[in-house]
Amino acid sequence: MDEPRDRRRVHQRAVPRLGGIAIFCSIVISLSALLVVNNLLTQALRPELKQILVFLLCGFLVLLLGIYDDLRGANATVKFVGLGLVTALFYALGGRIEHLSIPFVGGVDLPPVIGFVLTMIWVVGIANAFNLIDGVDGLATGSALFSSLVLLTVSLLQGKAIVAVCALVLTGALAGFLRYNFNPASIFLGDSGSLFVGFSLAALSILGSQKATTAVAVAIPILAFGLPVVDTGVAIARRFVSGKPIFEGDREHIHHMLLQRGWSQRRVVLVLYGVSAAFGLLAMLFVNSGSSLTAVVLFVVGVAVVIALGKLRYHEVEELRASVKRNIGGRRARATNNLRVRRASQAVASAASLPELFDGVIEVLELGEFVYASVELDCNGHSGLSEKASDLASGNDSRKQFSVSDGRIQWTWRHIDFEDVEDIPGSDRIWTLRLPLAGNETTLGCVNLYRPFDFEELAFDVNYLTTVFQPALTQAAQRIFQNGAAVPRKFSAAAG
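Residues numbered from 1 in each chain as written. Predicted model: local features only at pLDDT ≥ 70, side-chain atom pairs only at ≥ 80, totals over all residues. Heavy atoms only, no water.

Novice: What is the right way to read the pairing of strand β5 (residues 408-414) from this model?
Specialist: The buried fraction of β5 amounts to five of the seven residues, a majority that puts the element mostly inside the structure. Summarising the sheet, strand β3 (residues 372-378) and β5 pair through seven bridges and their orientation is antiparallel. Within the sheet, the bridge partner assigned to D378 lies in β5 and is R408. Pairing analysis gives six bridges linking strand β4 (residues 400-405) to β5, with the strands arranged antiparallel. (Buried < 20%, exposed > 50% of the residue type's maximum accessible area, 1.4 Å probe, protein only. Helix = DSSP H or I, 4+ residues; strand = E, 2+ residues; numbered from the N terminus. Pairing = 2+ DSSP bridges.)

Novice: Looking at this structure, I do not really get empty space enclosed by the protein. What am I missing?
Specialist: Think of a ball as big as a water molecule: rolled over the atoms, this probe shows where empty space is left. Taken as a whole and assessed by the stated rule, the structure comprises one cavity of 30 Å³ or more. Its volume calculated, the largest cavity comes out at about 110 Å³. If you go around the largest cavity, you meet 13 residues; those closest to its centre are L151, V154, S205, G208 and S209. Mapped by element, the contributors of at least two residues to the lining of the largest cavity are α6 (139-157), α8 (190-209) and α9 (219-224). (1 Å grid on protein atoms, 1.4 Å probe; cavity = no way out; pocket = protein on both sides within 12 Å on 5 of 7 lines; lining within 4 Å. Points joined across faces, edges and corners; volume = space filled by probe spheres on them.)

Novice: It is not clear to me how the packing of aromatic side chains should be interpreted in this structure. Could you clarify?
Specialist: For any pair of aromatic rings, the description consists of the separation of the ring centres together with the inter-plane angle of the planes. A full pass over the atoms with the stated rule returns eleven aromatic pairs. Aromatic side chains F130 and F225 sit 6.0 Å apart centroid to centroid with 75 degrees between the ring planes, which places their arrangement in the edge-to-face category. Taken together, the positions of F130 in helix α5 (residues 112-132) and F225 in the loop between α9 and α10 (226-242) put the pair 95 residues apart, joining distant regions of the chain. Note on F130: relative accessible area 1%, which makes it buried. Classification of F225 as buried rests on a relative accessible area of 0%. Centroid distance Y372 to Y450: 5.3 Å. Interplanar angle 65 degrees. Geometry classified as edge-to-face. With Y372 in strand β3 and Y450 in strand β7 (residues 442-452), this residue pair connects regions lying 78 residues apart in the sequence. With a relative accessible area of 9%, Y450 lands in the buried category. When the ring centre of Y180 is taken as reference, the NZ or CZ atom of R179 above it lies at 5.1 Å. (Phe/Tyr/Trp six-rings, centres within 6.5 Å; stacked < 30°, edge-to-face > 60°. Lys NZ or Arg CZ within 6 Å of the ring centre and 35° of its normal.)

Following this line, the structure appears as structure tokens:
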């Protein structure tokens, strides 16, 4: 029974999950008819029964691996090693990729080592792809049904009798099982079913594309399994970008993202059925087609997939999009503003008086679109420094205020568009950055910067505030204090 304990589960009650046994038994019983029925078709197929036996033997081993996972639980390593061993046996018994048709290049005969590697990647990858999309009632079964229909149609058009028969019985088994697997499901595929179905489709696609000299050898299998291939590719890519283990489960597959939008399970499944059907129809375009059409259609499909994935609002996609925007669209403007921050910070660092220091601070504040700022300087013991601060009182700029109290100078600045806002430091739509000013084991004060949440991102790199602006302000404050003929007090434990 599949208990809804894992946070990745979307069902609310325990459901049987050994549906793979039902599908495998249906296929075996159907194919057994080839041994007892005597007609022109069965007579033509009997010389090639070895391929069917290889298909059933390897499929049975994958089924056993899935049953073990359903009953006892198996980690990713065990499943990958098990699938790898079964695929190696499948390759040794004749199920292999030996020829590849590449757009604009033509047919290529593969060396045995490369053929073995490609066979391994394809079979193991497709088996796991169907296992990954089995997260909503009926999704993996329905997607596999569309894929098997594509393989059935293509094999009939190309005269691949063995593949056509196996695809036919697989289609019938999936169609019968879907009646009980559709939401609300009374039985799940389980790993026994998803791995077996994925392996069966991958194996049949290899048998059907052997010795093919057209784009069918590449394009049709990829598009026939379009949904699980895309979902698996996206899962690997986003986990790599976010630094997560590639084989760690999560709730960010395509069907999960649609569920998060408030869609029901049935709506998610029906929409993704439509996607699988669209991939299947596109795959049919490549029957007896040229390589140029293959390349064009695959490119168009790739662009459409990227656009569709962007609508799902994956965090990784949003971050990559923002990174491209920063690095390409706004690179020149950001570099210009970074230089302006450097120059303004240099002016702050060379300031000989408090007015010069604060003029440089204002330039940085305006570049960063801050709406409010305060600078506190500790001038205890600095004779004459308070008198120098009186220079700040000159002028009628209401945006700048200063005060001297208890040996501390406090200077505030307010953006011209926010002059009438009295509670900026306490506003719930403002974020604050506090930069302490300290040097030579002394505390000099601090700078508080305020900026609304709904503003655009900073026009310059935020780290410039701590690597360029803060050291410059500290340097200037130290020099002005020294000119005040006093030494700042040492850091105390409380101040630290």
